[in-house]
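This is what each chain is made of:
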Amino acid sequence: MVDEVLSQNEIDALLSAITSGEMNAEELKKEEEEKKVRLYDFKRALRFSKDQIRGISRIHENYARLLTNFFSAQLRTYVDISVASVDQIPYEEFIRSIPEMTILNVYSVEPLEGRILIEANPSIAYGLLDRLLGGQGNSINKIDNLTEIESMLISQLFEKSSVHLQEAWDTLIEIHPVLEDFEINPQFLQMVSPNETVVVVSLNTKINETSGMINICIPHIVLEPIISKLSVHYWMQTNAKKRDPEAIEKIEQNLQGAKVGVSTILGEAKISIKEFLDLKSEDIIMLNQSIEDPLQLTINQEPKFYVQAGKSKNRLSVQVMEEIKGGNKHDG
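Residues numbered from 1 in each chain as written. Predicted model: local features only at pLDDT ≥ 70, side-chain atom pairs only at ≥ 80, totals over all residues. Heavy atoms only, no water.

1. Topic: the packing of helix H3 (residues 50-75) against helix H7 (residues 162-169)
For clarity, the cut-off: Axis definition: a line fit to C-alpha positions, over the contact stretch in the case of helices; interaxial angles, taken between N-to-C directions, run 0 to 180 degrees. Numbering of helices and strands starts at the N terminus; helices are DSSP runs of H or I of at least 4 residues and strands are runs of E of at least 2. Should an angle fall under 35 degrees it is taken as roughly parallel, and over 145 as roughly antiparallel, whereas 65 to 115 is taken as roughly perpendicular and any remaining angle as oblique. In this scheme the crossing of two helices becomes right-handed for a clockwise turn of the near helix relative to the far one and left-handed for an anticlockwise turn of less than a right angle. Contacts: residue pairs with any heavy atoms within 4.5 Å of one another.
Packing of H3 against H7 brings their axes to within 9 Å, and their N-to-C directions diverge by 150°. Considering their axes alone, H3 and H7 lie roughly antiparallel with respect to each other. Viewed along their axes, H3 and H7 form a crossing whose handedness is right-handed. In this structure, H3 uses Ile-59, His-60, Asn-62, Tyr-63, Leu-66 and Phe-70 to contact H7, whose residues at the interface are His-164, Leu-165, Glu-167, Ala-168 and Trp-169.

This is the structure we're talking about:
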């Protein structure tokens, strides 16, 4: 909290008002004390900072993109999924907010403790099911009387998608999501105590003309060991990844086998078009290179070494004398 600094004129005016009786010092103290009291709802304890919530949002924006590609490929139709909101609320409030009958997929996420819940609203669940069975992806709400085959098809779809949840979380921690439970009634599902804080990530989902929500409920116990990693500071640190020695060695080996063009220029000369057209056998062209000066050896047309010409095993060759340093911005 930043203290407010009064100017000298404001201080003089305040003292004058108190002296004249226009303002009462005791009332001012009482007013100040009242301002310091804030209502706090212990049922809605905020256990994550805004920075940490942004970190969770960032992970699930990536997950939404991966899930969009996965569902589009599986259903062979237009699917669009995006993060609508990320909130922290009591578990009881989340359960009250979802339909009485809905699709609930419970995952373990080792090595983290606890379980997370992915809830697909009936409109989306039946859009997925209708498309899997060859329909247009239309929604019909009959969650309360799912057949065994329908339940198996939906649970298998979400079980296959767990690999993308793992991929989205890999930037933070390596988890191994496993679909452990499939339920349709939230009242039968007690993951944590009613007052436990959970993070709810809501995903806007559209399948052709059908739209609805997919909600991801993550209890505090799951995120507690990695809370420090959710901040922007951690993300900025991990963005500068350490170099992998094995990868560097492989790159060096591949580079060593790469072929480059090497050439040595004996000298250059400029002549006119007329002189060029008048050239005859045994004419001599004067080069700009002195016989006493070293030649330049170029690699991919970049000057790299000073060399002198000669012969090696009866073949024209050059001997490297000195490296050319600082002659070109690409040198290094």
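2. Details of helix H6 (residues 148-160)
Rules: Multiplying one less than the number of residues by 1.5 Å gives the expected span of a helix. Working definition: with a 1.4 Å probe on protein chains only, accessible area under 20% of the residue-type maximum means buried, over 50% means exposed, and in between means partly exposed. Read the arc as the range of directions from the helix axis to the C-beta atoms.
An ideal rise of 1.5 Å per residue puts 18 Å on 13 residues; H6 measures up with 18 Å between its terminal C-alpha atoms. Along H6, the residues classified as buried are Glu-150, Ser-151, Ile-154, Ser-155, Leu-157 and Phe-158. Mapping the buried residues of H6 onto a view down its axis gives an arc of 155°, with all of them on the same face. Among the exposed residues of H6, those oriented more than 90 degrees off its buried face are Glu-148 and Ile-149. Here the buried face of H6 lies against H3, strand E2 (103-110), strand E3 (115-120), helix H5 (122-132), H7 and strand E4 (176-183).

3. Some thoughts on the packing of H5 against H6
Filter applied, for reference: Basically, the charged four are Asp, Glu, Lys and Arg, the nonpolar ten are Ala, Val, Leu, Ile, Met, Phe, Trp, Tyr, Cys and Pro, and anything else, Gly included, counts as polar.
Look at H5 against H6: their axes get within 10 Å of each other, and the N-to-C directions meet at 100°. Between H5 and H6, the angle is such that the two are roughly perpendicular. Note on element contacts: H6 touches H5 through Glu-150, Leu-153, Ile-154, Leu-157 and Phe-158, opposite Ala-125, Tyr-126, Leu-128, Leu-129 and Leu-132. Classifying every residue of the contact of H5 with H6 gives nine nonpolar, no polar and one charged.

4. Section: the side chain of Glu-119
Which entries qualify depends on this criterion: His is not counted, nor are the chain ends, whereas Lys and Arg count as positive and Asp and Glu as negative. In what follows, salt bridge is the name for a side-chain nitrogen of Lys or Arg lying within 4 Å of a carboxyl oxygen of Asp or Glu. Under the rule applied, a polar contact is a pair of N or O atoms within 3.5 Å (in protein, one hydrogen donor and one hydrogen acceptor; residues adjacent in sequence only if both atoms are side-chain atoms).
Within the secondary structure layout, Glu-119 lies in strand E3. The buried charged residue Glu-119 lacks any salt bridge partner; its closest oppositely charged side chain belongs to Arg-96, at an N-O distance of 14 Å. A distance of 2.6 Å separates the side chain of Glu-119 from the side chain of Thr-102, its partner in a polar contact. Not counting the four nearest positions on each side in its chain, Glu-119 is found in contact with Ile-98, Pro-99, Thr-102, Ile-103, Leu-104, Met-213, Ile-214 and Asn-215.

5. With respect to unusual backbone geometry
In this structure, Pro-111 follows Glu-110 across a cis peptide bond, with omega equal to 10°. The residue Pro-111 is located in the loop between E2 and E3 in this model. Unusually for a residue other than glycine, Lys-313 sits at a positive phi of about 55°. The topology assignment puts Lys-313 in the loop between strand E9 (302-312) and strand E10 (315-323). Residue class for Lys-313 comes out exposed when judged on its relative accessible area of 80%. In the Ramachandran plot, Asn-314 falls in the positive-phi region, its phi being about 65° despite a non-glycine side chain. Within the fold, Asn-314 resides in the loop between E9 and E10. Assessed through its relative accessible area of 68%, Asn-314 is described here as exposed.

6. Focus: the pairing of strand E6 (residues 210-219)
A regular strand places its side chains so that they alternate between the two faces of the sheet. We apply this condition: Here, strands pair whenever DSSP counts at least two bridges between them.
Of all ten residues that make up E6, eight are buried, and the element is covered over most of its length. Across ten bridges, strand E5 (residues 197-207) lies against E6 in antiparallel orientation. Paired with Val-200 across the bridge in E6 is Cys-217. What sits between the antiparallel neighbours E5 and E6 is a turn of two residues, in which Asn-208 has the positive phi angle 55°.

7. Re the sheet that holds strand E7 (residues 262-265)
Spatial strand order, E7-E8-E9-E10: four strands in an open sheet with antiparallel pairing. Strand pairing shows two members of the sheet lacking a second neighbour, E7 and E10, which therefore form its edges. Strand-to-strand twist of the sheet, defined as the mean angle between neighbouring strand axes without regard to direction, takes the value 45°.

8. Things to note about the sheet that holds E4
In spatial order, the strands read E1-E5-E6-E3-E2-E4; together these six strands make up an open sheet with antiparallel pairing. The open sheet terminates on both sides in strands that have one partner only, identified here as strand E1 (79-90) and E4. The sheet shows a mean angle of 20° between the axes of neighbouring strands, taken without regard to direction. As paired elements, E2 and E4 share seven bridges and run antiparallel to each other. The residue bridging Ser-108 from the neighbouring strand is Val-178, located in E4. Against the sheet, H5 touches E2, E3, E5 and E6, its axis set at about 115° to E6.

9. Observations regarding a nonpolar patch on the surface
Using the following cut-off: What makes a patch is a set of residues exposed beyond 30% relative accessible area and free of salt bridges, joined within 9 Å when like-charged and within 5 Å when nonpolar (Val, Leu, Ile, Met, Phe, Trp, Tyr). For the accessible areas, the method is Shrake-Rupley and the probe is 1.4 Å, while residue cover comes only from the protein chains on display.
Among the surface-exposed residues, Leu-266, Ile-271, Ile-273, Phe-276, Leu-277, Leu-279, Ile-285 and Leu-287 lie close enough to one another that they form a single nonpolar patch of about 820 Å² accessible area. Mapped onto the elements of the fold, Phe-276 is located in helix H11 (residues 273-277).

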